[in-house]
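Commentary on secondary and tertiary structure
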Amino acid sequence: MKKSILAAATVLCLFAPAAFAAGPQAGTFSWSVFGGIDQPLSGDVHGGATAAVPDLGPLNPALAGVSAELRIRSRSHDDIYGSAMSYGMEFSYGINDRSEVFGQIRRTQADDGTVQVGGAFVPALSTTLPVRGTFSDYEALTLEAGYRYYFGELGPARPFVAGRLGATRTDDIRATFVIPDAAITIADVPFTEAKWSVSGGVDVGLLFPVSEKVSITAQTGVRYVADLEGDDAAIGGLGLGSINDTGKRVSYPVSVGLRVDF
């Protein structure tokens, strides 16, 4: 998907016509739709922790009286989810022929992911058993406002930079933890709560006019979403209540959009 978007942007650079004016005009409105990918740069879905479990019996009766030490390591958004799909729409208002303000609504989605989150050291066996975690889909809705500044024409295109600030509501995330070698499963438990968090970012891109009122945009940048709210209802009793006190996400988007000026 990422390669397709970059290839489309390259084609636009080579073949988009330069005969039309591009960008905002004072007192005019525009509407855009866009879509692409959102690739994580940093930020953890969960942190690390070490917790003693005196008796595995409540998790598997066959292991009553057997103790273990859970050794959980942090896992990033990239580890668990990888690239997310991102799409949305935007309305903007021209301040003059070089700048505009805009409001944007955006949806970001990634399918559920499974990774090894750590191990369970069992002294009685003198071994560490792998612990795997499956995390439900990542789904987030973003509302942001921003300012965009355009430079002079660069061949058939017009470069721009933008800044944005707003809020992102990330849906609740549930998790299933499995220790296969011990026949232990903690299934579909709450992990983070649905929450609005501060978000923002910066963009750089190119606008390509295809008619007097229609343009195509290609852009990238950096996005930031602040920490989520952990739900310790199920994992707190295992001494792992600290691992979900994170969730921030730093990423870079690559997108292509269609813009119509009014």
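As the structure is a prediction and not an experimental result, all values here were calculated from the model.

**Observations concerning the overall build of the chain**
Of the regular secondary structure elements, the chain holds two helices and 17 strands. The globule rule puts the C-alpha radius of gyration for 262 residues at 18 Å, and the 23 Å found for the chain is more than 25% above it. Principal axes of the C-alpha set define a box for the chain whose edges measure 80 × 30 × 20 Å. Relative to all contacts within the chain whose residues are 6 or more apart in sequence, the contacts with residues 24 or more apart total 72%. Of the accessible surface of the chain, which amounts to about 11800 Å², a share of 61% is contributed by carbon and sulfur atoms. Charged side chains of the chain number 20 positive and 28 negative; the gap between the two group centres comes to 6 Å.

**Some remarks on the confidence of the model for the chain**
Per-residue confidence for the chain gives a mean pLDDT of 92; residues scoring 70 or more make up 92%. Long-range and interchain partners of residues 1-18, a stretch whose pLDDT sits below 50, account for 25 contacts in this model, where long-range means more than four residues apart.

**A short note on a nonpolar patch on the surface**
On the surface, Phe29, Tyr93, Ile95, Val101, Tyr147 and Phe262 cluster together into a nonpolar patch covering about 590 Å² of accessible area. Here Val101 is to be found in strand β7 (residues 99-110). Exposure remark for Val101: the relative accessible area of 35% places this residue in the partly exposed category.

**Thoughts on the packing of aromatic side chains**
Each pair of aromatic rings is reported with the distance of its centres and the angle of its planes. According to the stated counting rule, one finds seven aromatic pairs in the structure shown. Ring plane angle 55° and centroid distance 5.0 Å describe the contact between Phe29 and Tyr93, whose orientation is recorded as tilted. In this pair, Phe29 sits in strand β1 (residues 29-42) while Tyr93 sits in strand β6 (residues 84-94), placing the two residues 64 residues apart along the sequence. Looking at Tyr93, the relative accessible area reads 35%, which means it is partly exposed. Ring plane angle 55° and centroid distance 6.3 Å describe the contact between Phe177 and Phe191, whose orientation is recorded as tilted.

Thresholds, definitions, all that
Residues numbered from 1 in each chain as written. Predicted model: local features only at pLDDT ≥ 70, side-chain atom pairs only at ≥ 80, totals over all residues. Heavy atoms only, no water. Helix = DSSP H or I, 4+ residues; strand = E, 2+ residues; numbered from the N terminus. Rg over C-alpha atoms; globule rule 2.2 N^0.38 Å. Contact = heavy atoms within 4.5 Å. Areas by Shrake-Rupley, 256 points an atom, 1.4 Å probe, with all protein chains shown as cover. Lys, Arg positive; Asp, Glu negative; His and termini not counted. Charge placed at Lys NZ, Arg CZ, Asp CG, Glu CD. pLDDT = per-residue confidence, 0-100. Patch = residues over 30% accessible without salt bridge, like charges linked within 9 Å, V, L, I, M, F, W, Y side chains within 5 Å. Salt bridge = Lys/Arg side-chain N within 4 Å of Asp/Glu carboxyl O. Buried < 20%, exposed > 50% of the residue type's maximum accessible area, 1.4 Å probe, protein only. Phe/Tyr/Trp six-rings, centres within 6.5 Å; stacked < 30°, edge-to-face > 60°.

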